[in-house]
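Structure at a glance
Residues per chain are reported as follows:
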Amino acid sequence: ALKRVSALHYRPPLWCSGFFSGDILTAYCVVLRRSKAPEFVRHFVHLEDGATASIDVGTGNAAAPPRTPVVLIVPGIGGSSKQHYARALVNVFEDKGWRAVVYNHLGCDGEPLRTARLFTFGDCEDVRSALLLVSQLFPQSPLAIVGISMGANIICNLLASPPPEVHIHAAVSLCQAYDAHRAHEKLSWLYNRLLLSKMLKIVREHSKVLSASAELDLLHVLDANNTGQYDERCTLRMHGRWDSAEHYYKDQSCLQTMWKIKTPLMCMNAIDDPLVPHELLDELRQVVHLNPNIALVTTNTGGHIGYACGYLIPKAISFADKAIVDFLDGMFPHDDVWNDDDDDDDDDDDFDVRTGKND
């Protein structure tokens, strides 16, 4: 499966070359990228603390055989099935014959909050509950998981924690920083403000429920000038588990536990990602060297979830979309999995990959 990805060569559009290629491709993903909206059916995930998250299940292959693979896509910060990069992945997976499901982060699905709690950068229990629901909806389907940016940090924490009740056959991490503390230290003022504005928008949308919490001073939260202040005033007080923003970022980062991962995992990053400085990948390379279940694939350019393809006009499918689907599709041989015969869940135990690089 990894060889299929390594054989790909990324060539960005002509207008994305040069020193600011990473910023341009990142801006394209946020501002310009458009994807056909798949048809979804929403299911609610009832969590232990009374909160309610949701997943959106693509209906493109609703009549597929029972053992058709299913992928759970976990978006980045403040993400849901509304994100164009998530929609694009659903479309590509469904074109391949897969079932695709998008996890909506708590407070980001357009539904009212049931409790005064939003998502965190690395807690994986909500996603674990979503996985259980997916396995109940498709009990015979082999399961894969894809995390994007913050979502990738969450799924790596999940894979490194005690295994969920369902077996994850393979996983992909796209454009995450692995060490949130170091990434936050290096984050530029512009991107810090953009992330802050996204979080404050979510807080405003749920101000009625959040203002009822005795732990939160909503006016103080909305007056934050950067993401560190936001987390000090909101995330820490909302969850009551960390002494400082620095403690929160270090505790939630997946890098410290990735050596425990036993699931085949492809990590994909662009060297020019403006939110993930390339030097942050050095520590990951050490983990990859020690853990044969993890592969790191890098490209010289791509930005943050950018990876636009096409000479001048970007295509609907990005390079990252193709790489992710090619890797996971290669992990599920159609003749062995997409039928009603019994399948040995240990077929992927011998998966052994090392660092891959795509220049």
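Residues numbered from 1 in each chain as written. Predicted model: local features only at pLDDT ≥ 70, side-chain atom pairs only at ≥ 80, totals over all residues. Heavy atoms only, no water.

1. Let's talk about the pairing of strand β4 (residues 99-104)
- Burial analysis of β4 places 6 of its 6 residues in the buried class, which makes it a mostly covered element.
- Taking every second residue as pointing to the same face, both faces of β4 are buried, with Arg99, Val101 and Tyr103 on one and Ala100, Val102 and Asn104 on the other.
- Looking at chain direction, strand β2 (residues 52-58) and β4 are connected through 4 bridges and run antiparallel. Looking at β4, one finds that Ile55 is bridged to Tyr103.
- Taken together, the 4 bridges between strand β3 (residues 70-74) and β4 define a ladder with parallel strand orientation. The residue of β4 that forms the bridge with Val70 is Arg99.
- Following the chain from β3 across helix α3 (residues 84-95) to the adjacent parallel β4, one finds a crossover that is right-handed. (Buried < 20%, exposed > 50% of the residue type's maximum accessible area, 1.4 Å probe, protein only. Helix = DSSP H or I, 4+ residues; strand = E, 2+ residues; numbered from the N terminus. Pairing = 2+ DSSP bridges. Right-handed = clockwise from strand over helix to strand, strands pointing away.)

2. As for the packing of aromatic side chains
- One pass over the structure, following the stated rule, counts 7 aromatic pairs.
- Centroid distance Tyr10 to Phe319: 5.0 Å. Interplanar angle 35°. Geometry classified as tilted. In this pair, Tyr10 is assigned in the loop between α1 (2-6) and α2 (21-32) and Phe319 in helix α13 (residues 319-330), connecting sequence segments 309 residues apart. Comparing Tyr10 with Phe319 shows no difference in burial state: the two are buried.
- Joined through ring pairs, the aromatic side chains of Tyr10, Tyr307 and Phe319 make up one cluster. (Phe/Tyr/Trp six-rings, centres within 6.5 Å; stacked < 30°, edge-to-face > 60°.)

3. Some points on the nonpolar core
- Formed by 61 residues in total, the largest nonpolar core has its most connected members in Ile55, Leu72, Ile145, Tyr230, Met258 and Leu265.
- With 7 residues, the top contributor of residues to this core is helix α5 (residues 150-160).
- If we ignore the near neighbours within four places in the chain, the residues touching Tyr230 are Leu118, Leu196, Met199, Leu200, Val203, Val221, Ala224 and Thr235. (Core = buried A, V, L, I, M, F, W, Y, C linked by side-chain atoms within 4.5 Å. Contact = heavy atoms within 4.5 Å.)

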